[in-house]
Amino acid sequence: MTHDHLDAAARPVSRPFGRLLTAMVSPFAPDGSLDLDGAARLASHLVDEQGNDAVVVNGTTGESPTTTDTEKERLIRAVVEAVGDRAKVVAGVGTNDTRHTIELAAAAEKAGAHGLLVVTPYYNKPPQSGLLRHFTAVADATGLPVMLYDIPHRSGVPIETETLVRLAEHGRIVAVKDAKGDLIATSWVTSRTALAYYCGEDALTLPALAAGSVGLVGTSTHFVGALAAQMIEAFDAGNMPAALALHRRLLPLFTGIFRTQGTILVKAGLASLGLPAGPVRPPLVDATDDEIAQLRADFAAVGLELPE
(Lines give C-alpha, C1' and ligand atoms only; values in the text may rest on other atoms or scores of the structure.)
Protein backbone atom coordinates (compact mmCIF):
# COMPACT_ATOMS: atom_id res chain seq x y z
CA MET A 1 0.00 0.00 0.00
CA THR A 2 2.86 2.38 0.77
CA HIS A 3 4.27 1.84 -2.71
CA ASP A 4 0.85 2.59 -4.27
CA HIS A 5 0.64 5.73 -2.17
CA LEU A 6 4.03 7.01 -3.26
CA ASP A 7 3.26 6.36 -6.93
CA ALA A 8 -0.03 8.24 -6.69
CA ALA A 9 1.48 11.14 -4.77
CA ALA A 10 4.14 11.61 -7.45
CA ARG A 11 1.64 11.71 -10.34
CA PRO A 12 0.58 15.04 -11.85
CA VAL A 13 -3.08 15.95 -11.42
CA SER A 14 -5.16 14.51 -14.25
CA ARG A 15 -8.46 16.13 -15.21
CA PRO A 16 -9.85 14.03 -18.07
CA PHE A 17 -13.09 16.05 -18.08
CA GLY A 18 -11.74 19.41 -16.92
CA ARG A 19 -12.39 21.08 -13.56
CA LEU A 20 -16.11 21.85 -13.70
CA LEU A 21 -19.02 19.86 -15.07
CA THR A 22 -22.74 20.45 -14.62
CA ALA A 23 -25.27 17.61 -14.55
CA MET A 24 -27.64 19.32 -16.97
CA VAL A 25 -31.41 19.21 -16.77
CA SER A 26 -33.28 18.00 -19.84
CA PRO A 27 -35.48 20.86 -21.05
CA PHE A 28 -39.03 19.87 -21.92
CA ALA A 29 -41.73 21.67 -23.88
CA PRO A 30 -44.92 22.66 -22.01
CA ASP A 31 -46.53 19.37 -23.10
CA GLY A 32 -43.64 17.40 -21.54
CA SER A 33 -41.93 16.46 -24.80
CA LEU A 34 -38.17 16.82 -25.20
CA ASP A 35 -37.03 20.34 -26.16
CA LEU A 36 -33.89 19.76 -28.21
CA ASP A 37 -33.47 23.41 -29.21
CA GLY A 38 -33.73 24.33 -25.54
CA ALA A 39 -31.14 21.69 -24.64
CA ALA A 40 -28.73 23.17 -27.18
CA ARG A 41 -29.29 26.68 -25.81
CA LEU A 42 -28.91 25.58 -22.19
CA ALA A 43 -25.73 23.63 -22.90
CA SER A 44 -24.30 26.70 -24.65
CA HIS A 45 -25.20 28.86 -21.64
CA LEU A 46 -23.50 26.43 -19.25
CA VAL A 47 -20.31 26.35 -21.30
CA ASP A 48 -20.12 29.95 -22.49
CA GLU A 49 -21.61 31.83 -19.52
CA GLN A 50 -21.07 29.53 -16.54
CA GLY A 51 -17.56 28.31 -17.32
CA ASN A 52 -18.23 24.58 -17.56
CA ASP A 53 -15.52 22.44 -19.12
CA ALA A 54 -18.06 19.68 -19.75
CA VAL A 55 -21.73 18.89 -19.35
CA VAL A 56 -23.35 15.67 -18.26
CA VAL A 57 -26.52 14.74 -20.11
CA ASN A 58 -28.94 11.95 -19.22
CA GLY A 59 -28.00 11.93 -15.57
CA THR A 60 -30.47 11.87 -12.70
CA THR A 61 -30.73 15.66 -12.88
CA GLY A 62 -31.58 15.15 -16.56
CA GLU A 63 -34.53 12.98 -15.48
CA SER A 64 -33.00 9.90 -17.10
CA PRO A 65 -35.42 7.57 -15.26
CA THR A 66 -38.27 9.05 -17.33
CA THR A 67 -36.66 9.62 -20.74
CA THR A 68 -36.67 6.93 -23.42
CA ASP A 69 -33.55 5.46 -25.01
CA THR A 70 -34.39 7.33 -28.23
CA GLU A 71 -34.78 10.61 -26.36
CA LYS A 72 -31.44 10.04 -24.65
CA GLU A 73 -29.68 9.52 -27.97
CA ARG A 74 -31.32 12.60 -29.55
CA LEU A 75 -30.33 14.69 -26.53
CA ILE A 76 -26.69 13.66 -26.78
CA ARG A 77 -26.61 14.53 -30.49
CA ALA A 78 -28.18 17.96 -29.90
CA VAL A 79 -25.77 18.87 -27.11
CA VAL A 80 -22.70 17.57 -28.94
CA GLU A 81 -23.70 19.64 -31.96
CA ALA A 82 -24.16 22.72 -29.75
CA VAL A 83 -21.02 22.61 -27.61
CA GLY A 84 -18.94 19.59 -28.59
CA ASP A 85 -16.35 21.77 -30.30
CA ARG A 86 -15.50 23.58 -27.05
CA ALA A 87 -16.56 21.31 -24.19
CA LYS A 88 -16.86 17.62 -23.48
CA VAL A 89 -20.24 15.92 -23.39
CA VAL A 90 -20.49 13.09 -20.89
CA ALA A 91 -23.47 10.79 -21.30
CA GLY A 92 -25.17 9.11 -18.39
CA VAL A 93 -25.75 5.49 -19.41
CA GLY A 94 -26.06 3.70 -16.08
CA THR A 95 -28.97 1.39 -15.31
CA ASN A 96 -29.45 -1.61 -13.05
CA ASP A 97 -29.21 -3.96 -16.04
CA THR A 98 -25.73 -4.54 -17.47
CA ARG A 99 -27.03 -5.47 -20.92
CA HIS A 100 -29.15 -2.30 -21.15
CA THR A 101 -26.27 -0.15 -19.91
CA ILE A 102 -24.00 -1.56 -22.62
CA GLU A 103 -26.69 -0.77 -25.24
CA LEU A 104 -26.93 2.82 -23.98
CA ALA A 105 -23.13 3.14 -23.93
CA ALA A 106 -22.86 2.00 -27.54
CA ALA A 107 -25.62 4.42 -28.56
CA ALA A 108 -23.91 7.29 -26.71
CA GLU A 109 -20.62 6.59 -28.47
CA LYS A 110 -22.39 6.54 -31.83
CA ALA A 111 -24.14 9.82 -30.99
CA GLY A 112 -20.80 11.55 -30.41
CA ALA A 113 -20.43 11.58 -26.61
CA HIS A 114 -16.91 12.15 -25.31
CA GLY A 115 -17.30 10.06 -22.16
CA LEU A 116 -19.69 7.92 -20.14
CA LEU A 117 -21.09 8.36 -16.63
CA VAL A 118 -21.99 4.95 -15.22
CA VAL A 119 -23.90 4.86 -11.96
CA THR A 120 -23.84 1.95 -9.53
CA PRO A 121 -26.70 -0.42 -10.38
CA TYR A 122 -29.57 0.56 -8.12
CA TYR A 123 -32.36 -1.30 -6.34
CA ASN A 124 -31.10 -4.84 -7.06
CA LYS A 125 -28.12 -4.27 -4.69
CA PRO A 126 -25.43 -6.40 -6.34
CA PRO A 127 -22.39 -7.54 -4.33
CA GLN A 128 -18.99 -5.96 -4.98
CA SER A 129 -18.09 -8.78 -7.38
CA GLY A 130 -21.20 -7.87 -9.39
CA LEU A 131 -20.19 -4.20 -9.47
CA LEU A 132 -16.71 -5.13 -10.67
CA ARG A 133 -18.17 -7.26 -13.45
CA HIS A 134 -20.78 -4.64 -14.42
CA PHE A 135 -18.42 -1.68 -14.66
CA THR A 136 -15.74 -3.71 -16.44
CA ALA A 137 -18.25 -4.99 -19.02
CA VAL A 138 -19.44 -1.45 -19.75
CA ALA A 139 -15.89 -0.11 -20.02
CA ASP A 140 -15.03 -2.97 -22.38
CA ALA A 141 -18.01 -2.20 -24.64
CA THR A 142 -16.87 1.14 -26.13
CA GLY A 143 -13.74 3.17 -26.71
CA LEU A 144 -14.94 6.02 -24.46
CA PRO A 145 -13.46 7.00 -21.09
CA VAL A 146 -15.68 6.10 -18.14
CA MET A 147 -16.57 8.05 -15.02
CA LEU A 148 -17.99 5.79 -12.33
CA TYR A 149 -20.80 7.29 -10.25
CA ASP A 150 -20.65 6.27 -6.59
CA ILE A 151 -23.88 7.41 -4.91
CA PRO A 152 -24.99 4.86 -2.30
CA HIS A 153 -27.86 6.97 -0.93
CA ARG A 154 -29.56 6.52 -4.31
CA SER A 155 -28.19 3.17 -5.45
CA GLY A 156 -28.26 1.37 -2.08
CA VAL A 157 -24.71 0.03 -2.57
CA PRO A 158 -21.37 1.84 -2.24
CA ILE A 159 -18.44 1.04 -4.49
CA GLU A 160 -15.98 -0.13 -1.85
CA THR A 161 -12.39 1.11 -1.83
CA GLU A 162 -10.88 -2.23 -2.87
CA THR A 163 -13.36 -2.47 -5.76
CA LEU A 164 -12.41 1.02 -6.94
CA VAL A 165 -8.71 0.15 -6.74
CA ARG A 166 -9.32 -2.90 -8.95
CA LEU A 167 -11.49 -0.95 -11.40
CA ALA A 168 -8.74 1.68 -11.70
CA GLU A 169 -6.62 -0.94 -13.44
CA HIS A 170 -8.92 -0.73 -16.48
CA GLY A 171 -7.49 1.60 -19.10
CA ARG A 172 -10.80 3.34 -19.82
CA ILE A 173 -12.05 3.74 -16.25
CA VAL A 174 -10.50 7.12 -15.55
CA ALA A 175 -12.72 9.02 -13.12
CA VAL A 176 -15.27 8.86 -10.32
CA LYS A 177 -18.21 11.12 -9.56
CA ASP A 178 -18.04 10.83 -5.80
CA ALA A 179 -21.33 11.35 -3.96
CA LYS A 180 -20.56 8.94 -1.13
CA GLY A 181 -19.83 11.72 1.34
CA ASP A 182 -16.95 9.70 2.80
CA LEU A 183 -13.80 11.79 2.51
CA ILE A 184 -11.72 9.12 4.22
CA ALA A 185 -12.62 6.69 1.45
CA THR A 186 -11.95 9.41 -1.11
CA SER A 187 -8.51 9.97 0.41
CA TRP A 188 -7.63 6.28 0.29
CA VAL A 189 -8.68 5.82 -3.33
CA THR A 190 -7.00 8.99 -4.57
CA SER A 191 -3.80 7.99 -2.75
CA ARG A 192 -3.77 4.49 -4.24
CA THR A 193 -4.97 5.05 -7.82
CA ALA A 194 -4.81 7.51 -10.70
CA LEU A 195 -8.59 7.89 -10.76
CA ALA A 196 -9.66 11.50 -11.20
CA TYR A 197 -12.19 12.22 -8.45
CA TYR A 198 -14.97 14.71 -9.12
CA CYS A 199 -17.03 15.76 -6.14
CA GLY A 200 -20.69 14.90 -6.64
CA GLU A 201 -22.02 16.93 -3.71
CA ASP A 202 -21.76 20.65 -4.35
CA ALA A 203 -21.21 21.74 -0.75
CA LEU A 204 -18.40 19.20 -0.21
CA THR A 205 -16.31 20.43 -3.14
CA LEU A 206 -13.68 22.34 -1.19
CA PRO A 207 -13.01 19.60 1.42
CA ALA A 208 -13.06 17.03 -1.39
CA LEU A 209 -10.36 18.97 -3.24
CA ALA A 210 -8.27 18.85 -0.07
CA ALA A 211 -8.78 15.06 0.01
CA GLY A 212 -7.45 14.64 -3.52
CA SER A 213 -10.39 15.41 -5.80
CA VAL A 214 -9.80 17.37 -9.02
CA GLY A 215 -13.15 19.05 -9.66
CA LEU A 216 -16.93 19.10 -9.37
CA VAL A 217 -19.90 17.61 -11.15
CA GLY A 218 -22.47 20.08 -9.88
CA THR A 219 -26.17 20.85 -9.84
CA SER A 220 -26.28 24.38 -8.42
CA THR A 221 -23.63 25.12 -11.05
CA HIS A 222 -26.46 25.79 -13.51
CA PHE A 223 -26.39 29.16 -11.70
CA VAL A 224 -23.04 29.48 -9.92
CA GLY A 225 -20.70 27.62 -12.26
CA ALA A 226 -18.43 30.60 -12.82
CA LEU A 227 -18.06 31.15 -9.07
CA ALA A 228 -17.48 27.45 -8.40
CA ALA A 229 -14.78 27.44 -11.09
CA GLN A 230 -13.15 30.41 -9.34
CA MET A 231 -13.18 28.48 -6.07
CA ILE A 232 -11.45 25.49 -7.67
CA GLU A 233 -8.90 27.75 -9.36
CA ALA A 234 -8.17 29.51 -6.06
CA PHE A 235 -7.57 26.13 -4.40
CA ASP A 236 -5.28 25.07 -7.26
CA ALA A 237 -3.31 28.30 -6.86
CA GLY A 238 -2.87 27.66 -3.14
CA ASN A 239 -5.02 30.65 -2.21
CA MET A 240 -7.00 28.96 0.54
CA PRO A 241 -8.48 32.17 2.02
CA ALA A 242 -10.06 33.00 -1.37
CA ALA A 243 -11.25 29.41 -1.88
CA LEU A 244 -12.78 29.32 1.61
CA ALA A 245 -14.49 32.68 1.11
CA LEU A 246 -16.10 31.44 -2.09
CA HIS A 247 -17.10 28.15 -0.44
CA ARG A 248 -18.85 30.08 2.33
CA ARG A 249 -20.49 32.48 -0.11
CA LEU A 250 -21.83 29.62 -2.24
CA LEU A 251 -23.14 27.46 0.61
CA PRO A 252 -26.72 28.83 0.47
CA LEU A 253 -27.15 27.60 -3.12
CA PHE A 254 -24.82 24.60 -2.83
CA THR A 255 -27.26 23.30 -0.20
CA GLY A 256 -30.46 25.18 -1.05
CA ILE A 257 -30.79 23.63 -4.50
CA PHE A 258 -31.44 20.33 -2.69
CA ARG A 259 -34.22 21.52 -0.34
CA THR A 260 -36.35 19.29 -2.54
CA GLN A 261 -35.21 17.07 -5.42
CA GLY A 262 -32.56 19.07 -7.24
CA THR A 263 -34.07 18.94 -10.74
CA ILE A 264 -37.26 20.56 -9.47
CA LEU A 265 -35.50 23.66 -8.16
CA VAL A 266 -33.04 23.93 -11.05
CA LYS A 267 -35.90 23.98 -13.54
CA ALA A 268 -37.76 26.55 -11.45
CA GLY A 269 -34.66 28.76 -11.29
CA LEU A 270 -33.95 28.44 -15.00
CA ALA A 271 -37.56 29.35 -15.83
CA SER A 272 -37.32 32.47 -13.66
CA LEU A 273 -34.17 33.47 -15.55
CA GLY A 274 -35.80 32.90 -18.93
CA LEU A 275 -33.60 29.92 -19.75
CA PRO A 276 -34.84 26.62 -21.22
CA ALA A 277 -36.29 24.27 -18.63
CA GLY A 278 -39.98 23.44 -18.90
CA PRO A 279 -41.87 21.16 -16.54
CA VAL A 280 -40.61 18.05 -14.79
CA ARG A 281 -42.02 14.63 -15.61
CA PRO A 282 -43.94 12.57 -13.05
CA PRO A 283 -43.24 11.26 -10.47
CA LEU A 284 -41.42 14.57 -9.94
CA VAL A 285 -43.61 17.62 -9.37
CA ASP A 286 -42.95 21.24 -10.25
CA ALA A 287 -41.78 23.63 -7.54
CA THR A 288 -44.38 25.30 -5.36
CA ASP A 289 -44.62 29.07 -4.90
CA ASP A 290 -43.13 28.70 -1.41
CA GLU A 291 -40.21 26.66 -2.74
CA ILE A 292 -39.51 29.26 -5.43
CA ALA A 293 -39.66 32.05 -2.83
CA GLN A 294 -37.11 30.16 -0.71
CA LEU A 295 -34.92 29.62 -3.79
CA ARG A 296 -35.06 33.36 -4.45
CA ALA A 297 -33.86 33.96 -0.88
CA ASP A 298 -31.03 31.45 -1.35
CA PHE A 299 -29.97 33.30 -4.52
CA ALA A 300 -29.98 36.59 -2.61
CA ALA A 301 -27.84 35.06 0.15
CA VAL A 302 -25.20 34.30 -2.50
CA GLY A 303 -25.46 37.82 -3.90
CA LEU A 304 -27.41 36.83 -7.00
CA GLU A 305 -30.88 37.82 -8.15
CA LEU A 306 -33.62 35.41 -9.22
CA PRO A 307 -36.25 37.53 -10.98
CA GLU A 308 -39.91 37.35 -9.97
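Everything numeric in this text was worked out from a predicted model, so none of it was measured.

Comments concerning the pairing of strand 4 (residues 115-119)
Stage number 1. Of all 5 residues in strand 4, 5 are buried; the element is thus mostly enclosed.
Stage number 2. On strand 4, burial covers both faces: G115, L117 and V119 on one face and L116 and V118 on the other are all buried.
Stage number 3. Bridge analysis of strand 3 (residues 88-92) against strand 4 gives 3 bridges, and the strand direction is parallel. Each residue of the ladder has a partner; that of G92, found in strand 4, is L117.
Stage number 4. Considered for its hand, the β-α-β crossover made up of strand 3, helix 4 (residues 98-111) and strand 4 is right-handed.
Stage number 5. Two elements, strand 4 and strand 5 (residues 146-150), share 4 bridges in a ladder whose sense is parallel. Directly across from L116, in strand 5, lies its bridge partner V146.
Stage number 6. Each parallel crossover has a hand, and for strand 4 linked through helix 5 (residues 128-141) to strand 5 it is right-handed.

What to know about unusual backbone geometry
Stage number 1. For the peptide bond that leads from P282 to P283, omega is 15°, which places it in the cis range.
Stage number 2. Relative to the helices and strands, P283 is located in the loop between helix 12 (262-272) and helix 13 (289-302).
Stage number 3. Residues other than glycine seldom take positive phi values, yet E63 does so here, at roughly 60°.
Stage number 4. Locating E63 in the fold gives a position in the loop between strand 2 (54-57) and helix 3 (69-83).
Stage number 5. Although it is not a glycine, Y123 adopts a positive phi angle of roughly 75°.
Stage number 6. Mapping Y123 onto the fold places it in the loop between strand 4 and helix 5.
Stage number 7. By relative accessible area, Y123 is classed as exposed at 75%.

Comments concerning the UniProt feature "binding site: pyruvate" (unreviewed entry) in the protein chain
Stage number 1. Here the UniProt feature "binding site: pyruvate" (unreviewed entry) sits at T61 and V217. Over a stretch of 157 residues, the named residues converge on one spot in the fold, their C-alpha atoms separated by at most 11.1 Å.
Stage number 2. The residue T61 is located in the loop between strand 2 and helix 3 in this model.
Stage number 3. If you trace the backbone, V217 turns up in strand 8 (residues 215-218).
Stage number 4. Apart from residues lying up to four places away in sequence, V217 is in contact with L21, A23, V56, M147, K177, Y198, C199, G200 and D202.

Quick notes on helix 12
Stage number 1. When you tally the buried positions in helix 12, you get 10 out of 11 residues, the bulk of the element.
Stage number 2. For helix 12, every residue scored as buried is listed here: G262, T263, I264, L265, V266, K267, A268, G269, L270 and S272.
Stage number 3. Where helix 12 begins, one side-chain oxygen reaches toward the backbone nitrogen of T263, 2.8 Å away; that side chain belongs to Q261.
Stage number 4. Backbone geometry just after helix 12 places G274 at a positive phi near 75°.

Focus: the pairing of strand 3
Stage number 1. In terms of burial, strand 3 is largely enclosed, as 4 of its 5 residues are buried.
Stage number 2. Bridge analysis of strand 2 against strand 3 gives 4 bridges, and the strand direction is parallel. The partner of V56 across the bridge, within strand 3, is V90.
Stage number 3. Between the parallel elements strand 2 and strand 3, the chain passes through helix 3 in a crossover that is right-handed.

Quick look at the UniProt feature "site: Part of a proton relay during catalysis" (unreviewed entry) in the protein chain
Stage number 1. The feature "site: Part of a proton relay during catalysis" (unreviewed entry), as annotated in UniProt, sits at T60 and Y123 in this numbering.
Stage number 2. Among the structural elements, T60 can be located in the loop between strand 2 and helix 3.
Stage number 3. The partly exposed category is assigned to T60, whose relative accessible area is 26%.
Stage number 4. Setting aside chain neighbours within four positions, we find T60 in contact with R154, Q261 and T263.
Stage number 5. Those residues in contact with Y123 that sit more than four places away from it in its chain are N96 and S155.

Cut-offs applied
Residues numbered from 1 in each chain as written. Predicted model: local features only at pLDDT ≥ 70, side-chain atom pairs only at ≥ 80, totals over all residues. Heavy atoms only, no water. Buried < 20%, exposed > 50% of the residue type's maximum accessible area, 1.4 Å probe, protein only. Helix = DSSP H or I, 4+ residues; strand = E, 2+ residues; numbered from the N terminus. Pairing = 2+ DSSP bridges. Right-handed = clockwise from strand over helix to strand, strands pointing away. UniProt positions renumbered as here; feature names shortened; annotations may be inferred. Contact = heavy atoms within 4.5 Å. Polar contact = N/O pair within 3.5 Å; in protein donor to acceptor, adjacent residues only side chain to side chain.

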